[in-house]
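So the chains spell out like this:
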Amino acid sequence: LPIFYHALKAKELWGKIPEDVCMALEGFFELNQSHNSNLRQQMLDVTATLNAQGISPVWLKGATCLLAEDWEQSPRMMLDLDFWLPDPKTHTKALAALEADGYVIPPEYEGLSDTKSHHFLRRMKAGMPAGIEIHRDLVGIPGNQLLVNEVALRNVEWAMWQVASMGVLSLVDQCLHSYIQCTEMNHAGLMLGQIKLMKAHDFLLRYLSLSQNERDLFLTHLDQLPWRRNAQRFFGYLDRFFGLQAPMHTNHDFAKR
């Protein structure tokens, strides 16, 4: 709904829908705006906690939208905040510091194993608006061969945010990360013809924000085996349902499913 609100405003269609619908959509957008403001403060608090241990997190996915200057206009909705700790030697210290700060594994996750996952079990803190997912690796198998930790780390953009030290992936790697969530880490979804609308929309925004040179670099990653087939399926889906002019030969099998 916040995305719908944003699109109606951007396309100057606001005056063509009923007043009560306008009020409802505006309300949802403002609620999400308030939620995002709280998320930004939580990100700052988590970053400060880690900085105190000499650790700088790399914020991922939706969290990066909240670091932009125009974050208040972001329609992105989030339940979790994800970040990556590139150095495995910091993991134990970081988990201990966050636990001391009140972040614990919810009862419903206790007893579950995360040893084979690319991120640790979700952690929550009472009174905070979101859970946190701490990535030991950027993505899981097989996507980790497309977005390689060591390569992505060389392109991380480090910065000071207020008084906190943190990083974000390069724009191309953010786009790759989003793409992998829709495809290589969503094998069952590809086979069943199901991709979450939020994930597809997130990818579209990131892809369309790239410069032509960045877009060409992104596409070179996909135009090789074994990634080409899923890329052709995914861009066929985007062409069919979102009107995106496909940058490659497409396969419409997924769109049909």
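For the structure itself, look to the data block above.
Along each chain, the written sequence defines residue order, and numbers are assigned to residues from 1. Since the coordinates come from a predicted model, pLDDT governs what is reported: local features require at least 70, and pairs of side-chain atoms require 80 or more to be given and counted, while whole-chain, interface and lining totals use all residues. Excluded from the side-chain calculation are hydrogens and water; included are all heavy atoms of the structure.

Engineer: Looking at this model, I keep getting lost on the pattern of salt bridges. Mind explaining?
Structural biologist: In a structure, side chains of opposite charge can pair up when their charged atoms sit close to one another. Here, a salt bridge means any side-chain nitrogen of Lys or Arg that lies within 4 Å of a carboxyl oxygen of Asp or Glu. For the structure shown, the criterion picks out 7 salt bridges. When the shortest N-O distance is used, the salt bridge between Arg136 and Asp114 registers 3.9 Å. Here Arg136 is found in the loop between β3 (131–135) and α4 (149–154), whereas its partner Asp114 is found in the loop between α3 (91–100) and β3, with 22 residues between them in sequence. When sorted by exposure, Arg136 lands in the same class as Asp114, which is buried. What you see here is one network of salt bridges that share partners, running through Arg76, Asp202 and Arg206. Only runs of H or I of at least four residues qualify as helices and only runs of E of at least two qualify as strands under DSSP, and these elements are numbered from the N terminus. Exposure classes here rest on a 1.4 Å probe applied to the protein chains alone. A residue is buried below 20% of its type maximum, exposed above 50%, and partly exposed in between.

Engineer: Please explain the sheet that holds strand β2 (residues 80–84) as it appears in this structure.
Structural biologist: Adjacent strands of a sheet form backbone hydrogen bonds with each other and so pair up, either parallel or antiparallel. We treat two strands as partners when DSSP finds at least two bridges between them. Strand order across the open sheet formed by 5 strands is β3-β2-β1-β5-β4, with mixed pairing between neighbours. The open sheet has two free edges, formed respectively by β3 and β4 (157–161), since each of these has just one partner strand. Mean inter-strand twist for the sheet, computed between neighbouring axes without regard to direction, equals 35°. Where helix α2 (residues 19–51) meets the sheet, it contacts β1 (58–60), β2, β3, β4 and β5 (164–168), and its direction lies at approximately 110° from that of β5. Here an axis means a line fitted to C-alpha atoms, over the contact stretch when the element is a helix, while the angle between two N-to-C directions is reported on a 0 to 180 degree scale. In what follows, residue pairs with any heavy atoms lying within 4.5 Å of each other are defined as contacts.

Engineer: How do you make sense of the side chain of Asp173 when you look at a structure like this?
Structural biologist: Position of Asp173 relative to the elements: it lies in helix α5 (residues 171–182). Charged-residue counts in this description rest on Lys and Arg as positive and Asp and Glu as negative, His and the chain ends being excluded. The buried charged residue Asp173 lacks any salt bridge partner; its closest oppositely charged side chain belongs to Arg154, at an N-O distance of 9.0 Å. Excluding residues that lie within four positions of it along the chain, Asp173 makes contacts with Leu147, Ala152 and Asn155.

Engineer: So what exactly am I meant to see when it comes to the packing of aromatic side chains here?
Structural biologist: Note on aromatic pairs: each is described by the distance of the centres and the angle between the planes. What counts as a ring pair is set by centres within 6.5 Å for rings of Phe, Tyr and Trp (its six-membered ring), and what kind of pair is set by the plane angle: stacked under 30 degrees, edge-to-face over 60, tilted for all other angles. The final tally for this structure, using the stated rule, is 17 aromatic pairs. Ring geometry for Tyr237 and Phe254: centres 5.1 Å apart, planes at 85°, overall edge-to-face. With a gap of 17 residues between them, Tyr237 in helix α9 (residues 228–242) and Phe254 in helix α10 (residues 253–256) connect regions that are remote in the sequence. In this structure an aromatic cluster arises from ring pairing among Tyr179, Phe203, Tyr207, Phe218, Phe234, Phe235, Tyr237, Phe241, Phe242 and Phe254. As a reminder, the over-ring test applies to NZ of lysine and CZ of arginine, requiring each to be within 6 Å of the ring centre and within 35 degrees of the ring normal. One cation-aromatic arrangement involves Arg215 over Tyr207; the distance from NZ or CZ to the ring centre is 4.7 Å. One residue, Arg240, lies across the ring of Phe241, its end atom 4.8 Å from the ring centre.

Engineer: Mind showing me how you'd approach helix α8 (residues 212–222) here?
Structural biologist: When α8 is considered as a whole, its buried residues turn out to be Arg215, Phe218, Leu219 and Leu222. Down the axis of α8, the buried set is contained in an arc of 95°. They therefore lie on one face. Contacts made by the buried residues of α8 are with α5, α7 (197–209) and α9. Starting at the helix axis, one direction is taken to each C-beta atom, and the arc is that of these directions.

Engineer: Honestly, the nonpolar core in this entry has me stumped. Any pointers?
Structural biologist: For this analysis, a nonpolar core means a set of buried residues of the types Ala, Val, Leu, Ile, Met, Phe, Trp, Tyr and Cys, connected via side-chain atoms within 4.5 Å. With 34 residues, the main nonpolar core has Tyr179, Phe203, Phe218 and Phe235 as its most contacted residues. Counting residues per element, this core draws most heavily on α5, at 6 residues. If sequence neighbours within four positions are ignored, Phe218 has contacts with Val172, Cys175, Leu176, Tyr179, Phe203, Tyr207, Leu210 and Phe235. With 25 residues, the next largest nonpolar core counts Ala63, Leu66, Phe120 and Trp161 among its residues.

Engineer: Honestly, the environment of Trp227 in this entry has me stumped. Any pointers?
Structural biologist: With respect to the helices and strands, Trp227 occurs in the loop between α8 and α9. Given a relative accessible area of 7%, Trp227 falls into the buried group. Between the alpha carbons of Trp227 and Thr49 there is a distance of 38 Å; along the sequence they are 178 residues apart. With sequence-adjacent residues up to four places away left out, Trp227 is seen in contact with Pro142, Gln145, Leu146, Tyr179, Glu184, His221 and Leu222.

Engineer: What's the story with the pairing of β5 in this structure? I'm lost.
Structural biologist: Note on strand geometry: in a regular strand, side chains alternate between the two faces of the sheet. Buried residues dominate β5, accounting for 4 of its 5 residues. Here β1 runs beside β5; their pairing, made up of 2 bridges, is parallel. Looking at the pairing, Val58 lines up with Gly167 of β5. Here β4 pairs with β5 via 5 bridges, running antiparallel. When the bridges of β5 are listed, Trp158 appears paired with Gly167. Hairpin geometry of β4 and β5 is characterised by an intervening segment of 2 residues between the two adjacent antiparallel strands and by a positive phi of about 55° at Gln162.

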